[in-house]
Amino acid sequence: MSTILEQYDKVISSFQKRITILEEINELNNQLIEAYKSKLQDTEDMLESTNTLLNTYRKFNSKQ
């Protein structure tokens, strides 16, 4: 039969494993957030370029 100390050690070990898993999930989530931020910045840059091109096109057409 397990002693209370052995049971306590098992519980602590189980919690430590869970904490490790949660830390790994947190790190992956942080990487995902950074990837989305980068994608969002790329999209914003593309929209800005498209808007500039559209404005240039409108100016060109209005002069004709």
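Per chain, residue numbering runs from 1 following the sequence as it is written. Per-residue local features are limited, in this predicted model, to residues with pLDDT of at least 70; the limit for side-chain atom pairs, both in listing and counting, is 80 or more; totals at the level of whole chains, interfaces and linings are taken over all residues. Hydrogens and water are ignored here; the side-chain numbers use all heavy atoms of the structure.

Let's hear about the overall build of the protein chain: which residues, and what values?
Scanning the protein chain from N- to C-terminus turns up one helix and zero strands. Every radius of gyration here is taken over C-alpha atoms, with the globule rule written as 2.2 Å times N^0.38, N being the number of residues. By the compact-globule yardstick of 11 Å for 64 residues, the protein chain is too spread out, its C-alpha radius of gyration being 28 Å. Considering only C-alpha atoms, the protein chain reaches an extent of 95 × 10 × 10 Å along its principal axes. Between buried and exposed lies partly exposed: a residue is buried under 20% and exposed over 50% of the maximum accessible area for its type, with that area taken using a 1.4 Å probe on protein chains only. Within the protein chain, the proportion of its 64 residues that are buried is 0%. Secondary structure follows DSSP: runs of H or I at least 4 residues long count as helices, runs of E at least 2 residues long count as strands, and numbering of each begins at the N terminus.

Describe the pattern of salt bridges, naming the residues involved and giving the relevant values.
Any Lys or Arg side-chain nitrogen located within 4 Å of an Asp or Glu carboxyl oxygen qualifies as a salt bridge. As enumerated under the stated definition, the model contains one salt bridge in all. In this structure, the salt-bridge partner of Glu34 is Lys37, at a minimum N-O distance of 3.5 Å. Linking Glu34 with Lys37, this pair stays in helix H1 (residues 4-63), spanning three residues, or about one helical turn. Glu34 sits in the partly exposed class, given a relative accessible area of 47%.

Got a sec to walk through the environment of Ser13? Specific residues and values, please.
Position of Ser13 relative to the elements: it lies in helix H1. Ser13 gets classed as partly exposed once you look at its relative accessible area, which sits at 29%. Separated by 33 residues in the primary sequence, Ser13 and Met46 place their C-alpha atoms 50 Å from one another.

Which residues make up a nonpolar patch on the surface, and what values do they have?
Patch definition: residues above 30% relative accessible area lacking any salt bridge, with like charges linked at up to 9 Å and the nonpolar side chains Val, Leu, Ile, Met, Phe, Trp and Tyr linked at up to 5 Å. Computed by Shrake-Rupley with a 1.4 Å probe, the accessible areas treat only the displayed protein chains as cover when residues are assessed. Together, Leu5, Tyr8 and Ile12 make up a nonpolar patch on the protein surface, roughly 310 Å² of accessible area in all. One can find Leu5 in helix H1.

Outline a negative patch on the surface, supporting the account with residue identities and numerical values.
Only four residue types enter the charge count, namely Lys and Arg as positive and Asp and Glu as negative; His and the chain termini do not. The location of each charge is read from NZ of Lys, CZ of Arg, CG of Asp or CD of Glu. A surface patch of negative charge is lined by Asp42, Glu44, Asp45 and Glu48. In this structure, Glu48 sits in helix H1.

I'd like a description of the environment of Ile4, backed by residues and values.
With respect to the helices and strands, Ile4 occurs in helix H1. Ile4 sits in the exposed class, given a relative accessible area of 69%.

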